[in-house]
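# Per-entry structural report
The residues making up each chain are set out below.
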Amino acid sequence: MVGQVAADETRDGVALTNLDQPLFDGAGATKRDLVDYLDAVRERIIPALRDRALSVIRVRPGQQPFMQKNLPKYAPDWMESVSLWADASRRQVTYALCNDRRTLLWFANQRAVEYHPALFVGDHATHLILDLDPPEDSDAFSLAVRGAFLVHQALADAGLTGAVKTSGAKGVHVFVPIEAGTVVEDLAAATRAVAARAERIDPALATTAFIREDREGKVFLDSTRAGGATVAAAYSPRIRPGVPVSFPVAWDDLDQVAPGDFTVHTAPGLLKGDPWAESMPAPQRLPDDLVAEGHTIPVARVQAMHEGKRRARARREE
């Protein structure tokens, strides 16, 4: 039919097209490589996405990557979805739920490279998350690893433990599963407190400064992921040269790997079982003293907004 592209092949009832096109400039991979990778890891990535409102980053030929939150009207009617209020855009957004193989394949065919699930299942937050963001430096990842070990120590000192993965870019993500029913404000407070405690262990290495110019070349301990934020899922590809993926790593091995070790080409062959699920401890109760300390720490984004306004006033008065 006019306007339709013949399918290169069909999997699980999903027509897959243009599979031999380059995925994006500098990818070193084709669309087929993306589809094959996601299909190969489906039994690991789908549990990380299941029942979570999904945002994806897509890349079309000749265009800049873009994040898609709202499920397009042309999505198949068999796809599961959930409608949520988005504070940022002040509207209801219909998000996909990637709960099965054909949904994952459909997104892959749409050139959805990155998968960013919500941090909630239903109304319940599931993890305390620290995102370790190193400075722009040739040794950036090793700095992020050192920052992650500070977080690991701060968690251990609080009686908590978590799992760690590469972000797929230059950073590291630490996930701590929490008990169902944890109040999101308490979760956010505890996250701030963990970051602050990690910073105090080695303030020459790590910082909680939200304003980039205040970080002084240190690793940023990003404690802002609680609430409506998202994080690239375990096993999600990233739009970077070589198409690296966010990959689970044992704490004992973290200082022996590099982001480029895990790509859509190499990651399936490195997998035995589901290391993300297997490394994740049982849900934990957040200690009262950690939550209380966090409530004394200003919210980073709010503090940065006020500080930005103060600096702007100062510049105008000069």
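The structure presented is a predicted model; accordingly, all values stated were derived computationally and were not measured. (Residues numbered from 1 in each chain as written. Predicted model: local features only at pLDDT ≥ 70, side-chain atom pairs only at ≥ 80, totals over all residues. Heavy atoms only, no water.)

## Side note on the domain arrangement of the chain
Size of an interface: often given as the accessible area lost when the parts come together. In plain terms, the rule: Where each domain starts and ends follows an automatic or database-derived domain assignment. The contact criterion used is simple: two residues touch if any of their non-hydrogen atoms lie within 4.5 Å. Summed over both partners, the accessible area lost on bringing two parts together, with a 1.4 Å probe, is the buried area.
Split into domains, the chain comes out as domain 1 (9-117) and domain 2 (124-302). A separation of 24 Å is found between the C-alpha centroids of domain 1 and domain 2. The partner domain 2 presents 26 residues to the 26 residues of domain 1 that form the contact. Looking only at domain 1, the three residues that lose the most surface to domain 2 are Tyr37, Arg44 and Glu114, adding up to 34% of its buried area.

## A few points about the confidence of the model for the chain
Formally: Every residue is assigned a pLDDT by the predictor, reflecting its confidence on a scale from 0 to 100.
Across the chain, pLDDT averages 92, with 92% of residues at or above 70. Low pLDDT, under 50, characterises residues 304-311; the stretch is placed with six contacts to residues that sit more than four places away or in other chains.

## Notes on the pattern of salt bridges
Close approach of charged atoms lets side chains of opposite charge pair. Heads up, the rule is: The rule for a salt bridge is simple: a side-chain nitrogen of Lys or Arg has to be within 4 Å of a carboxyl oxygen of Asp or Glu. In this description a helix means any DSSP run of H or I spanning at least four residues, a strand means any run of E spanning at least two, and both kinds are numbered starting from the N terminus. In this scheme, a residue with accessible area under 20% of its type's maximum is buried, one over 50% is exposed, and one in between is partly exposed, where area comes from a 1.4 Å probe on protein chains only.
In this structure the tally under the stated criterion is 18 salt bridges. In this structure, Arg240 engages Glu114 in a salt bridge whose closest nitrogen and oxygen atoms are separated by 4.0 Å. Taken together, the residues Arg240 in the loop between strand E14 (219-222) and strand E15 (248-249) and Glu114 in strand E7 (residues 112-117) connect sequence positions 126 residues apart. Taking the shortest distance from any N to any O, the salt bridge between Asp222 and Arg225 comes out at 3.6 Å. Each member of the pair, Asp222 together with Arg225, is buried. What emerges from the salt-bridge pattern is a single network uniting Glu9, Arg11, Asp20, Arg32, Asp36, Asp39, Arg42 and Arg101.

## Regarding the sheet that holds E14
Our working definition: DSSP-based pairing: two strands are paired if at least 2 bridges between them are found. Only the contacting stretch of a helix is used when fitting its axis, a line to C-alpha atoms as for every element, and angles between N-to-C directions run 0 to 180 degrees.
Spatially, E13-E14-E10-E12-E11-E15 is the arrangement adopted by the six strands of the open sheet, whose pairing is mixed. Unpaired on one side and paired on the other, strand E13 (206-207) and E15 mark the two borders of the sheet. Pairing analysis gives two bridges linking strand E11 (residues 163-166) to E15, with the strands arranged antiparallel. Bridge pairing in E15 places Lys165 opposite Pro248. Here helix H4 (residues 140-157) sits on the sheet and contacts strand E10 (127-133), E11, strand E12 (172-177), E13 and E14; the angle it forms with E12, its principal contact strand, is near 20°. Against the sheet, helix H5 (residues 184-201) engages E10, E13 and E14, with an angle of about 40° to E10.

## Some details on H5
So the rule is basically this: Helix span, as expected, comes to 1.5 Å for every residue beyond the first.
Taking 1.5 Å per residue, 18 residues should reach 26 Å; H5 reaches 26 Å between its end C-alpha atoms and fits that length. All of the buried residues in H5 are Leu187, Ala188, Ala189, Ala190, Thr191, Arg192, Ala193, Val194, Ala195, Ala196, Arg197 and Ala198. Elements in contact with the buried residues of H5: strand E9 (124-125), E10, H4, E14 and helix H8 (288-295).

## Remarks on the pairing of E10
For E10, a buried count of six out of seven residues is recorded, marking the element as mostly surrounded by other parts of the structure. Where E10 and E14 come together, three bridges link them in antiparallel fashion. In the strand pairing of E14, Leu132 is matched with Leu221.

## A few points about the nonpolar core
So the rule is basically this: Put simply, buried Ala, Val, Leu, Ile, Met, Phe, Trp, Tyr and Cys residues joined by side-chain atoms within 4.5 Å make one nonpolar core.
Phe107, Tyr115, Leu128, Leu132, Val151, Val172 and Val174 are the most contacted members of the largest nonpolar core, which has 88 residues in total. Considering each element in turn, this core owes the most residues, nine residues, to H4. In terms of domain composition, this core takes at least three residues from each of domain 1 (9-117) and domain 2 (124-302). Counting five residues, the second largest nonpolar core, distinct from the first, contains Ala53, Ala86, Tyr95 and Ala118.

## As for the packing of aromatic side chains
The test is simple: Planes of paired rings set the category: under 30 degrees apart is stacked, over 60 is edge-to-face and the rest tilted, where pairs are Phe, Tyr or Trp rings (Trp by its six-membered ring) whose centres lie within 6.5 Å. Two limits define a charge over a ring: the Lys NZ or Arg CZ must be within 6 Å of the ring centre, and within 35 degrees of the ring normal.
In this structure the tally under the stated criterion is eight aromatic pairs. Considering the side-chain rings of Tyr74 and Trp106, the 6.2 Å spacing of their centres and the 45° angle between planes classify their relative orientation as tilted. You can see Tyr74 sitting in the loop between strand E4 (66-68) and strand E5 (81-86) and its partner Trp106 sitting in helix H3 (residues 101-109), a full 32 residues away along the chain. Overall, Trp106 belongs to the buried group, its relative accessible area being 10%. Ring centres of Tyr235 and Phe247 lie 6.3 Å apart, and the angle between their planes is 90°; on these two criteria the pair is classed as edge-to-face. Placement of Tyr235 in the loop between E14 and E15 and of Phe247 in the loop between E14 and E15 is noted, with a sequence separation of twelve residues between them. Phe247 matches Tyr235 in its accessibility class, with the two residues each being buried. Here the aromatic residues Tyr74, Trp106, Phe107 and Tyr115 are joined through ring pairs into a cluster of three or more. Positioned above the aromatic ring of Phe220 is the side chain of Arg215, whose terminal nitrogen or guanidinium carbon lies 3.8 Å from the ring centre.

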